[in-house]
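Here is what each chain is made of, one letter per residue.
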Amino acid sequence: MTTLTPTSLKTLWYTRCPVPTGLGIAIQKGWLKNKFSEQDIEIKSIRESNSKDVRNSHFNHTLENSVRHGGSIPAIWAYSSGQKTKVIGLSWADEIQLLLTRYDTGIKNVSDLKGKRFGLPHNQDALIDFSRAQAIRGLENALKTVGLEVADLELVDTIRQDIVEAQQQQYLHQDGPATGLGDRNKQNASAEIVALLKGDVDAIFLKGAHAAQVAHDFALHTIIDIGSHPDPILRSNNGTPRTLTVDESFLLNYPEQAQTIVESVLEAEQWSHLHASDTHRYLAKECNSSEQWIHLAYGENAHLKLNTNFDETSVLALQDLSDFLYRWKFIPKQIDVKEWLAPEAYQNILK
């Protein structure tokens, strides 16, 4: 019987979400590129590819010899859908997760949401509508704190067409420079924000630096920040924890390179812990935001929150999130998170 030997690795594809990750820092600093250049391996960005199929791998992880560090919902969906991937690290950076309303709705706390209209993203063309999933997750977790259920509210789908219509109406009725919804920042508002401002819904969910800026810019009332709840399971969502994943064939064929990835992530995180100001600037760039919103979203100690490991809390939270996604029919089948984990590369580094 002949055993096939894998060819030498020529290209490593990478992708990460616009959120705080060790991989993002390693890429920005050029460390990932340098480490693989020493092995005559080129690294390429999935999100910057000209190929739609390649770019889609950010969500469905179909591209061989690729690594992804980011939101867990797309990664869980890909694995549940049959894509053979492995988790080689979990990172947890607590962030604000806000239920927001206008001040004129009379909604002051979570209990006041009973019977109200909750706006949900509805991205029909998305491979996996992770924005919708994380909004329902944040809502459900918040409602648990007062003994309510999602069924106690009216869920209202918001679609991208709402943004187009609102902007068109704004432009039709303005003579001078763009104002209000026509401003540059407002043009990028998501459909649920537009629906909230128009009065079509009573409350929405947003998280991270984007949430901090939107809440400030539109003078919205924060009903609850479930991201600061003491129970980590109630804080678990798309970004808590975040998964560092590779395709299984890459891990089997190139275990040394997989370990190089983990080493790069851990080194970037250790550097971040010692360089607060520089890290905050990198995180602002990574999140397409400013340091002001990074501080509000992730705290003044955001540089200390970059930690990749296999902490038991992260594993339990990832399983709970996976069970939620199956219950709400975002993924086709239940998964056993522990079967998905591949901690060997991480453990080898600790030896």
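Keep in mind that this is a model prediction, so the values were computed, not measured. (Residues numbered from 1 in each chain as written. Predicted model: local features only at pLDDT ≥ 70, side-chain atom pairs only at ≥ 80, totals over all residues. Heavy atoms only, no water.)

Quick look at the overall build of the chain
In terms of helices and strands, the chain carries 17 helices and 11 strands. Residue burial in the chain is summarised as follows: out of 351 residues, 55% are buried. In the chain, the proportion of contacts linking residues at least 24 apart, taken out of those at least 6 apart, comes to 78%. Accessible area for the chain stands at about 16,100 Å²; split by element, carbon and sulfur atoms hold 47% of it. (Helix = DSSP H or I, 4+ residues; strand = E, 2+ residues; numbered from the N terminus. Buried < 20%, exposed > 50% of the residue type's maximum accessible area, 1.4 Å probe, protein only. Contact = heavy atoms within 4.5 Å. Areas by Shrake-Rupley, 256 points an atom, 1.4 Å probe, with all protein chains shown as cover.)

Regarding helix 4 (residues 72–80)
For helix 4, a buried count of 9 out of 9 residues is recorded, marking the element as mostly surrounded by other parts of the structure. Three or more residues of helix 4 are buried, namely Ser-72, Ile-73, Pro-74, Ala-75, Ile-76, Trp-77, Ala-78, Tyr-79 and Ser-80. Looking one or two places after helix 4, you find Gly-82, whose phi comes out positive at around 110°.

Some points on the packing of aromatic side chains
Ring pairs (aromatic) are described by centroid distance and by the angle formed between their planes. Enumeration over the complete set of coordinates arrives at 7 aromatic pairs. Residues Tyr-79 and Trp-340 carry aromatic rings whose centres are separated by 4.8 Å and whose planes lie at 15° to one another, so their mutual orientation is stacked. One end of the pair, Tyr-79, is in helix 4; the other, Trp-340, is in helix 16 (residues 337–340), and 261 residues separate them in sequence. Assigned by exposure class, Tyr-79 and Trp-340 land together as buried. A network of ring pairs unites the aromatic residues Trp-31, Trp-271 and Tyr-282 as a single cluster. (Phe/Tyr/Trp six-rings, centres within 6.5 Å; stacked < 30°, edge-to-face > 60°.)

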